[in-house]
Amino acid sequence: LLEDTIRKGDKLIQDGDLLIVYESHKQMKAVTVSKGGEFQNRYGLFAHNDWIGKPFGSKVTGKKGGFVHLLAPSPQLWTLVLTHRTQILYIMDISFVLAYLEVRPGCVVMESGTGSGSLTTALARAAAPTGHIYSFDFHEQRAEAARKDFERIGLSNFITVTVRDTQGEGFPEEFANEVDAVFLDLPQPWLVIPSVAKSLRADSPVCSFSPCMEQVQRTCEALTTTEFRDLRTFEVLVRTYETHEEYFGTDIGLDIVNNEIEDATLHTPGSSPPHKRLCPTEMKTTSAEEKTTSNKSEVSGKDNWMKKGPKKGRGRGEQPQGSKCSIVARPEAEAKGHTGYLTFARRAV
Ligand code: SAM
């Protein structure tokens, strides 16, 4: 795999390579390197010729002095830059799915629908080099666009995309008892469950992603009336933290900040208590409220932060004499909201 070769340092950037041009964690772009080509962003103009021959991961400077990093395309980064032709799965759900479906090298996995191929890419990376992903979508253009994307990122040997109405026809008979895991991202997944049961090997897992609880309930009914057991439904919500280094002049200052970090982690103003499970409609209101409250609290929090602790310096610069350095973190104002529910089950032995 390209990623492995790059990690070993055996491959330098060449004409025709796909790169993720990384400006910040919120700003990156997929770019195919071409001799004589140019890349333009707010930091100025970058010549592709200056990139060729450099190791992946290099920091390169543009004509106006701004810089970007040239990263190798991994499934994690691809999910952030791919063209959205549908709604997609993001890394928080993807990692959960890979772990609970136990996808590992050699696995045969079936998926429907392919959509924009965000999950497919991660499935392929996890099952390669000996496994294979069979992905089905009834939308011809979408299937074709996904095939092109898989070719572009070098995973096409591990993925077969087929145009098929899986809700109407189920998965092909030839897969009976041959499949290690199945993933469904369909509007009516319950229609496909009998065919999933036929395809899966005994004791193998299935996962269905649905945004609404009503869909989850129907899928669970279908799973229990077919030969599935160990049903579990999860909702994955992520809260990201900003981290940076701070220098503090005295032990007292450090203690105050440490307490503040603990407070911020445990009692973020406006956030829901961790045990409270929200339905999608509640979630919308709460996210909006949370945004306003968190923004307010961020301002007042920052004031307190600045007043407390006799801080002498800041950031990664030179450490002022006699000061102590600590990594501090605070939750980002915007927490990622509801995407969907993941329902897992296992085919009976
Ligand atoms: N999981 C994908 C990703 O991460 O990029 C996104 C899947 S997208 C939300 C749902 C896909 O299911 C669409 O591409 C749609 O065309 C496909 N689909 C809907 N009904 C289908 C059916 N009956 N048979 C096959 N595919 C179907």
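Our subject is the structure that appears above.
Residues numbered from 1 in each chain as written. Predicted model: local features only at pLDDT ≥ 70, side-chain atom pairs only at ≥ 80, totals over all residues. Heavy atoms only, no water.

A. Spotlight on the overall build of the chain. Summing up its helical and strand segments, the chain has 10 helices and 15 strands in all. Burial statistics for the chain: of 349 residues in total, 46% are counted as buried. When contacts within the chain are restricted to residue pairs at least 6 apart in sequence, long-range pairs at least 24 apart make up 69% of them. Looking at the chain as shown, the accessible area adds up to about 18500 Å², and 51% of this sits on carbon and sulfur atoms. (Helix = DSSP H or I, 4+ residues; strand = E, 2+ residues; numbered from the N terminus. Buried < 20%, exposed > 50% of the residue type's maximum accessible area, 1.4 Å probe, protein only. Contact = heavy atoms within 4.5 Å. Areas by Shrake-Rupley, 256 points an atom, 1.4 Å probe, with all protein chains shown as cover.)

B. A look at the site of the ligand. Around the ligand, 23 residues are found, and the nearest of them are Asp137, Arg142, Asp165, Thr166 and Asp185. Leu119 has a polar backbone atom sitting 3.3 Å from an oxygen atom of the ligand. Within the backbone of Phe138, one N or O atom sits 3.2 Å away from a nitrogen atom of the ligand. When the free accessible area of the ligand is taken as 600 Å², the share hidden by the protein chains comes to 91%. Mapped onto the shell around the ligand, the elements with two or more residues apiece are helix 4 (118-127) and helix 6 (166-169). By residue class, the composition of the shell around the ligand is 6 nonpolar, 12 polar and 5 charged. (Near = heavy atom within 4 Å. Polar contact = N/O pair within 3.5 Å; in protein donor to acceptor, adjacent residues only side chain to side chain. Nonpolar A, V, L, I, M, F, W, Y, C, P; charged D, E, K, R; others polar.)

C. Spotlight on the nonpolar core. The biggest cluster of nonpolar side chains holds 42 residues, and the ones touching the most others in it are Val97, Leu101, Val103, Phe183 and Leu342. The element contributing the most residues to this core is helix 4, with 6 residues. Two domains each donate at least three residues to this core, and these are domain 1 (2-73) and domain 2 (77-236 + 340-347). Not counting residues up to four positions away in its chain, the partners in contact with Leu342 are Asp93, Phe96, Val97, Phe183, Cys207, Ser208, Phe209, Arg232, Thr233, Phe234 and Val236. Core analysis: the second largest hydrophobic core is formed by 20 residues, Phe175, Leu184, Ile193 and Leu200 among them. (Core = buried A, V, L, I, M, F, W, Y, C linked by side-chain atoms within 4.5 Å. Domains from an automatic or database assignment.)

D. Expanded view of the sheet that holds strand 5 (residues 59-61). One open sheet accounts for 4 strands, arranged 2-1-6-5; its pairing is antiparallel. Each edge of the sheet is formed by a strand with only one pairing partner; in this case those strands are strand 2 (27-32) and strand 5. Looking at each pair of strands side by side, their axes are set apart by 35° on average, direction ignored. Bridging between strand 1 (residues 18-24) and strand 6 (residues 67-71) involves 3 bridges; their strand directions are antiparallel. Paired with Ile20 across the bridge in strand 6 is Leu71. (Pairing = 2+ DSSP bridges. Axes fitted to C-alpha atoms, helices over the stretch in contact; angles between N-to-C directions.)

E. Geometry of unusual backbone geometry. With an omega of -5°, the peptide bond between Ser112 and Gly113 qualifies as cis. With respect to the element layout, Gly113 can be found in the loop between strand 7 (108-112) and helix 4. The residue after Ala128, namely Pro129, is reached through a cis peptide bond having omega 5°. Among the secondary structure elements, Pro129 is positioned in the loop between helix 4 and strand 8 (132-137).

Any functional reading would require information that these geometric values do not contain.
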